[in-house]
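One-letter residues, chain by chain:
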Amino acid sequence: QLQLVESGGGYVQTGGSLRVSCAASEPTFGRYSMGWFRQAPGKEREFVAGISRRNVETSYADSVKGRFIISRDNAKNTVYLQMNDLKPEDTAVYYCAADETIVPRTTPEAYDYWGQGTQATVSS
């Protein structure tokens, strides 16, 4: 069973940057499209970004397009989310998820495996 562990969250001021990482436990990592989701208090979990299993296709939520960059290194079984120009509304727990499909999907229900999440807090 694929296990995912996020790291790299933290506290930053508006306009700052954070990079969160997600390491997978299995070398089968390359079989999965990966997604980043986030959940703020009192809100539903929402799609942030996704990347195909061969690092060919990426997709982003409109709210982060142009500010966030998703990438992956299949040799290291790791997916990254570089978050730039952060805003207070980006404050949330960030989760990575794996979906055994060719291209990333945007609904949480499509994903088979989830990490435990990492908190990112942006102060105004």
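Going by the structure above, here's the rest.
First, a word on scope: everything that follows refers to the structure included in this document. (Residues numbered from 1 in each chain as written. Predicted model: local features only at pLDDT ≥ 70, side-chain atom pairs only at ≥ 80, totals over all residues. Heavy atoms only, no water.)

As for the side chain of Asp 90
Inspection of the secondary structure assignment puts Asp 90 in the loop between strand E8 (78–83) and strand E9 (92–99). Not counting the four nearest positions on each side in its chain, Asp 90 is found in contact with Arg 38, Arg 67, Phe 68, Asp 85, Ala 120 and Val 122. (Helix = DSSP H or I, 4+ residues; strand = E, 2+ residues; numbered from the N terminus. Contact = heavy atoms within 4.5 Å.)

A look at the packing of aromatic side chains
Any pair of aromatic rings gets described here by the distance separating the centres and the angle formed by the planes. Within the structure shown, the criterion is met by 6 aromatic pairs. Aromatic side chains Phe 37 and Trp 114 sit 5.0 Å apart centroid to centroid with 55° between the ring planes, which places their arrangement in the tilted category. Of this pair, Phe 37 sits in strand E4 (residues 33–39) while Trp 114 sits in strand E10 (residues 113–114), placing them 77 residues apart in sequence. With centroids separated by 6.4 Å and ring planes inclined at 75°, the aromatic side chains of Tyr 95 and Trp 114 adopt a geometry described as edge-to-face. Of this pair, Tyr 95 sits in strand E9 while Trp 114 sits in strand E10, and the two are 19 residues apart along the sequence. The buried category is assigned to Tyr 95, whose relative accessible area is 14%. Among the aromatic side chains, those forming a connected cluster through ring pairs are Phe 37, Phe 47, Tyr 95, Tyr 111 and Trp 114. (Phe/Tyr/Trp six-rings, centres within 6.5 Å; stacked < 30°, edge-to-face > 60°. Buried < 20%, exposed > 50% of the residue type's maximum accessible area, 1.4 Å probe, protein only.)

A few points about the state of the cysteines
In this structure the tally under the stated criterion is 1 disulfide. The disulfide bridge from Cys 22 ends at Cys 96, spanning 2.0 Å between sulfur atoms. On the sign convention where negative is left-handed, the bridge of Cys 22 and Cys 96, at about 50° about the S-S bond, is right-handed. Pair noted here: Cys 22 is in strand E3 (residues 18–24) and Cys 96 is in strand E9, with a separation of 74 residues, a long-range link. For Cys 22, a relative accessible area of 0% translates into the label buried. Residue classification places Cys 96 among the buried positions, given a relative accessible area of 0%. (Disulfide = S-S within 2.5 Å.)

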